[in-house]
Amino acid sequence: RGRRWIDFGLRFSTGRCLRIDAFGKAGNKQPLIRFGRDVRVNDYVHIGAVNSVEIGDRVLIASKVFISDHSHGSYGRDDVHSSPLIAPYDRVLSSAPVVIEEDVWIGEFVSVLPGVRIGKGSIIGTLSTVSKDIPPYSIAVGSPARVIKRFNFESTEWERV
């Protein structure tokens, strides 16, 4: 949905059942979802944006991944709290940009939440929920995702943190 607000970059490839939702406003000419070069997305991935989702060059996204820059309501961020007495689909959308830098690999069943930056060359392990920024050249796992290794360029090894 919202094809006119999506930039697929060069040599984009995808598996089956990719769902992309770009909820732009009339008159907005800027892409809300932008893919870099040589991005590969596997099966049953859902990417949604009302603000912006940027995916860098040579990113590999495994199957069943969810990436969103928004949620239905606000739950304490910026001291704003949505009422649970309002149906979720009627709550005001809150959003913050998502950036996935170059050469990132996102494993199966990962969720990337609003306001997150995943640094260049990082790996996000299977079943992780990324709710905070991940520094470049890191391996992060868990829910919420936390960094367990960083690449040491002097030793050329992934080292535990």
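Calculation criteria
- Residues numbered from 1 in each chain as written.
- Predicted model: local features only at pLDDT ≥ 70, side-chain atom pairs only at ≥ 80, totals over all residues.
- Heavy atoms only, no water.
- Helix = DSSP H or I, 4+ residues; strand = E, 2+ residues; numbered from the N terminus.
- Rg over C-alpha atoms; globule rule 2.2 N^0.38 Å.
- Buried < 20%, exposed > 50% of the residue type's maximum accessible area, 1.4 Å probe, protein only.
- Areas by Shrake-Rupley, 256 points an atom, 1.4 Å probe, with all protein chains shown as cover.
- Lys, Arg positive; Asp, Glu negative; His and termini not counted.
- Charge placed at Lys NZ, Arg CZ, Asp CG, Glu CD.
- 1 Å grid on protein atoms, 1.4 Å probe; cavity = no way out; pocket = protein on both sides within 12 Å on 5 of 7 lines; lining within 4 Å.
- Points joined across faces, edges and corners; volume = space filled by probe spheres on them.
- Nonpolar A, V, L, I, M, F, W, Y, C, P; charged D, E, K, R; others polar.
- Polar contact = N/O pair within 3.5 Å; in protein donor to acceptor, adjacent residues only side chain to side chain.
- Contact = heavy atoms within 4.5 Å.
- Pairing = 2+ DSSP bridges.
- Phe/Tyr/Trp six-rings, centres within 6.5 Å; stacked < 30°, edge-to-face > 60°.

Undergrad: Just to check I follow, could you spell out the overall build of the protein chain for this structure?
TA: When its secondary structure is counted, the protein chain shows 0 helices and 20 strands. Here the protein chain has a C-alpha radius of gyration of 16 Å; the compact-globule value for 161 residues is 15 Å, and the two agree. Dimensions of the protein chain, computed from C-alpha atoms along their principal axes, come out at roughly 50 × 35 × 25 Å. Among the 161 residues that make up the protein chain, the fraction classed as buried is 37%. Of the roughly 9300 Å² that the protein chain leaves accessible, carbon and sulfur atoms contribute 53%. The centroid of the 22 positive side-chain charges in the protein chain is displaced by 5 Å from the centroid of its 18 negative side-chain charges.

Undergrad: Whenever I open this one, the layout of surface pockets confuses me. Can you help?
TA: Rolling a probe over the atoms, with the probe sized like a water molecule, indicates the empty space that remains. As a volume, the largest pocket reaches approximately 190 Å³. Looking at the lining of the largest pocket residue by residue, the classes come out as 4 nonpolar, 5 polar and 2 charged. What lines the second largest pocket is Arg1, Arg19, Asp21, Phe23, His46, Gly48, Phe66, Ser68, His70, His72 and Leu93. Taken together, the residues that form the lining of the second largest pocket break down as 3 nonpolar, 5 polar and 3 charged.

Undergrad: Is there a simple way to think about the side chain of His46 in this case?
TA: Residue position: His46 is located in strand E6 (residues 46-49). Here Arg19 takes part through its side chain, which lies 3.4 Å from a polar atom of the side chain of His46. Excluding anything up to four places from it in sequence, His46 contacts Arg19, Asp21, Val65, Phe66 and Ile67.

Undergrad: Would you take a moment to explain the sheet that holds strand E12 (residues 98-100) for this structure?
TA: Working definition: the strands of a sheet are paired by backbone hydrogen bonds and lie parallel or antiparallel to each other. The 5 strands lie next to each other as E1-E4-E7-E12-E15, forming an open sheet whose pairing is parallel. The sheet is open, and its two borders are formed by strand E1 (6-7) and strand E15 (117-118), each paired with just one other strand. Both strand E7 (residues 53-55) and E12 contribute to a ladder of 3 bridges, which runs parallel. The residue of E12 that forms the bridge with Glu54 is Val99.

Undergrad: Explanation requested: the pairing of strand E18 (residues 138-141) in the structure shown.
TA: Consecutive side chains along a regular strand alternate between the two faces of the sheet. Bridging between strand E16 (residues 123-124) and E18 involves 2 bridges; their strand directions are parallel. Pairing of Ile124 across the sheet is with Ala140, part of E18. Direction of pairing for E18 relative to strand E19 (residues 146-152): antiparallel, over a ladder of 4 bridges. Residue pairing for E19: Ile139 is matched across the bridge by Lys149. Hairpin connection, E18 to E19: the antiparallel pair is bridged by 4 residues, and Gly142 has positive phi, about 105°.

Undergrad: What is the right way to read the packing of aromatic side chains from this model?
TA: Each aromatic ring pair is specified by the distance between its two centres and by the angle formed by the two planes. For the structure on display, the rule yields 6 aromatic pairs. Here Phe8 and Phe35 contribute two aromatic rings whose centre-to-centre distance is 5.7 Å and whose plane-to-plane angle is 5°, an arrangement assigned as stacked. You can see Phe8 sitting in the loop between E1 and strand E2 (13-14) and its partner Phe35 sitting in strand E4 (residues 33-35), a full 27 residues away along the chain. Consider the rings of Phe151 and Phe153, whose centres lie 4.9 Å apart with planes at 80°: the pair is edge-to-face. In textbook terms, an aromatic cluster arises when at least three aromatic residues are bridged by ring pairs, as seen for Tyr137, Phe151, Phe153 and Trp158.

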